[in-house]
Amino acid sequence: MYTTSIIAAALLLVPELRAVPTPQEVGPPPQPSGSSQILDDPDFGPIPSESEYYNTGDTSKSPPFPGNYSQPVFPTSNGTKGADDLLFQNLLGAEWAIYAFYQYGVETFNSSVFEAAGYPNTTYDRIVEIRNNEAGHARIFGEAISDASTKPALCKYQFGLSSPVAFLAAHTVVEISSMAFLTGLTLQAQLDSSKATLLAIAETESRHEAWGLIDIWNESPFGGPVDTIFPYANEILDTTKVFIVPGSCPKGNPDYPVPSQNLPSIGYVNGSSDLAPGSPVTLAFTDPKNQPTFESGTDYYAVFFHGIHNITAPFDTKTNKTTIPKEFEAKGLFLTVISDTPGAPTLDSVKAGPWVLTEQPVEINMGV
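Rules used in this analysis
Residues numbered from 1 in each chain as written. Predicted model: local features only at pLDDT ≥ 70, side-chain atom pairs only at ≥ 80, totals over all residues. Heavy atoms only, no water. Salt bridge = Lys/Arg side-chain N within 4 Å of Asp/Glu carboxyl O. Helix = DSSP H or I, 4+ residues; strand = E, 2+ residues; numbered from the N terminus. Buried < 20%, exposed > 50% of the residue type's maximum accessible area, 1.4 Å probe, protein only. Pairing = 2+ DSSP bridges. Axes fitted to C-alpha atoms, helices over the stretch in contact; angles between N-to-C directions. Core = buried A, V, L, I, M, F, W, Y, C linked by side-chain atoms within 4.5 Å. Contact = heavy atoms within 4.5 Å. Parallel < 35°, antiparallel > 145°, perpendicular 65-115°, else oblique. Left-handed = near helix turned anticlockwise from the far one by under 90°. Expected span 1.5 Å × (residues − 1). Phe/Tyr/Trp six-rings, centres within 6.5 Å; stacked < 30°, edge-to-face > 60°. Disulfide = S-S within 2.5 Å.

**Some words on the pattern of salt bridges**
All told, the structure shown has five salt bridges when counted by the stated rule. Note that Asp-40 is salt-bridged to Lys-151, the shortest N-O span being 3.2 Å. Remark: Lys-151 occurs in the loop between helix H4 (123–144) and helix H5 (164–185) and Asp-40 occurs in the loop between helix H1 (6–11) and helix H2 (85–108); sequence separation between them is 111 residues. The pair formed by Asp-40 and Lys-151 is uniform in burial state, with each residue classed as buried. Note that Glu-327 is salt-bridged to Lys-326, the shortest N-O span being 3.5 Å. Just as Glu-327 is exposed, Lys-326 falls in that class too.

This is the structure in structure tokens:
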């Protein structure tokens, strides 16, 4: 039996997000009028960093603004597209999935459920606040897309974590993965303002992650001197498509992500490793409909990214065995791909992955 990519393992959920009413009024939240085009006005609705709305201002279970609008915002200009429009379209597509995950948690659980499971009595309030933060991120990313490009709307998503511990395990993976793809997207950004926005959002995600490590897992919030840089951010974004209900994305939404390699996903065989640095591990390609093709006579490698470095290990294509690099500290995040070239130096050299392995707490990877 294998464990899927930790993102998929944590988030392979059952119930579909329900259609729910518009949010309660906090300050002056707007009410949907049937058209999402009003979102093209940056002064419409609460403004991130200028309103408590995206912090603790909305404690309802209803979707907060702008998550209460269900259609994309179409271009209003025939001018030149922004230099980073595609980047922010991809990022907004990912953000909608993350926002929907937290909205699912807010709708599904309550304070007493978390308290009964032994978690601090502030846990549910923190989840609500993170949900609101993520709604603010969606507004920021939408505003970063020029009037010459479409701003995607959220789809419907399949989640399912019925227990609070499974939801909180998924939270840890979502946040540390977000930090990795935001860092990777800075390598794609052309504008300095885009790079600064990505950095500022990554800093917020690191606060979310630190809260969970301290309050939920009683772990050190520190992941070493530097978090993990992964150069192929779209490969992480690609893994989120498994949670989209087929056919549920609004008509007119741009493809997500672009480009998409549709690589085989990676997990590991339960019991094959304690997942510590230096440990052997047997990998598994978890989607039976999307398996890698290995060419005879070609060497393949497991390339592990951690911190600012990567280390290449031999990969046996017959047994799917490799070894987690002993040089790495048992901290933070490891991202692993299968490549036909040591170091996976180009996008095309990656043949499968990434496998997301968190070392804090490592038990999350094994099921909790």
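Having seen the structure, we can now continue with the description.
**Topic: the sheet that holds strand E8 (residues 350–358)**
Within the open sheet, the four strands sit side by side as E5-E4-E7-E8. Their pairing is antiparallel. Here the strands that pair on one side only, and so sit at the sheet edges, are strand E5 (309–314) and E8. Looking at each pair of strands side by side, their axes are set apart by 20 degrees on average, direction ignored. As paired strands, strand E7 (residues 333–339) and E8 are joined by six bridges and run antiparallel to one another. What sits directly across from Leu-333, in E8, is Thr-358.

**Details of the nonpolar core**
Judged by nonpolar contacts, the single largest core of 75 residues is most densely connected at Tyr-157, Phe-167, Leu-168 and Phe-181. Every element with two or more residues in this core is listed here: H2, H4, H5, helix H6 (192–216), helix H7 (233–239), strand E4 (301–306), E7 and E8. Counting residues per element, this core draws most heavily on H2, which supplies 14 residues. Beyond its immediate stretch of four places on either side in the chain, Phe-181 contacts Leu-91, Ala-94, Ile-98, Ala-233, Ile-236 and Leu-237. Ranked by size, the runner-up nonpolar core spans 19 residues in total, among them Leu-275, Val-281, Ala-302 and Trp-355.

**Here we look at the packing of H5 against H6**
Two elements in contact, H5 and H6, have axes separated by 9 Å at closest approach and are oriented at 155 degrees. The angle between H5 and H6 places the two elements in the roughly antiparallel class. Taken as a pair, H5 and H6 cross one another with a handedness that is left-handed. Residues Leu-168, His-171, Thr-172, Glu-175, Ile-176, Ser-178, Met-179, Leu-182 and Leu-185 of H5 lie in contact with H6, whose contacting residues are Leu-198, Ile-201, Ala-202, Glu-205, Ser-206, His-208, Glu-209, Trp-211, Gly-212 and Ile-216.

**Description of H2**
Taking 1.5 Å of rise per residue, the 24 residues of H2 would be expected to cover 34 Å, and the 34 Å separating its terminal C-alpha atoms lies within 8% of that figure. Judged by how many residues are buried, H2 sits mostly within the fold: 22 of 24 residues are covered.

**With respect to the packing of aromatic side chains**
This structure, assessed with the given rule, holds 24 aromatic pairs. Note on Tyr-157 and Phe-159: the rings are 6.1 Å apart at their centroids and 20 degrees apart in plane angle, and the pair reads as stacked. The pair formed by Tyr-157 and Phe-159 is uniform in burial state, with each residue classed as buried. Site record: aromatic cluster; members linked through ring pairs are Phe-101, Tyr-102, Tyr-104, Phe-109, Phe-114, Tyr-124, Tyr-157, Phe-159, Phe-167 and Phe-243.

**Description of the state of the cysteines**
Counting across every chain of the model gives one disulfide. Here Cys-155 is linked by a disulfide to Cys-249, with a sulfur-sulfur distance of 2.0 Å. Measuring handedness by torsion sign, the sulfur bridge of Cys-155 and Cys-249 sits at about 100 degrees and is right-handed. Linking Cys-155 in the loop between H4 and H5 with Cys-249 in the loop between H7 and strand E2 (266–269), this pair joins segments that are 94 residues apart in sequence. Assessed through its relative accessible area of 9%, Cys-155 is described here as buried.

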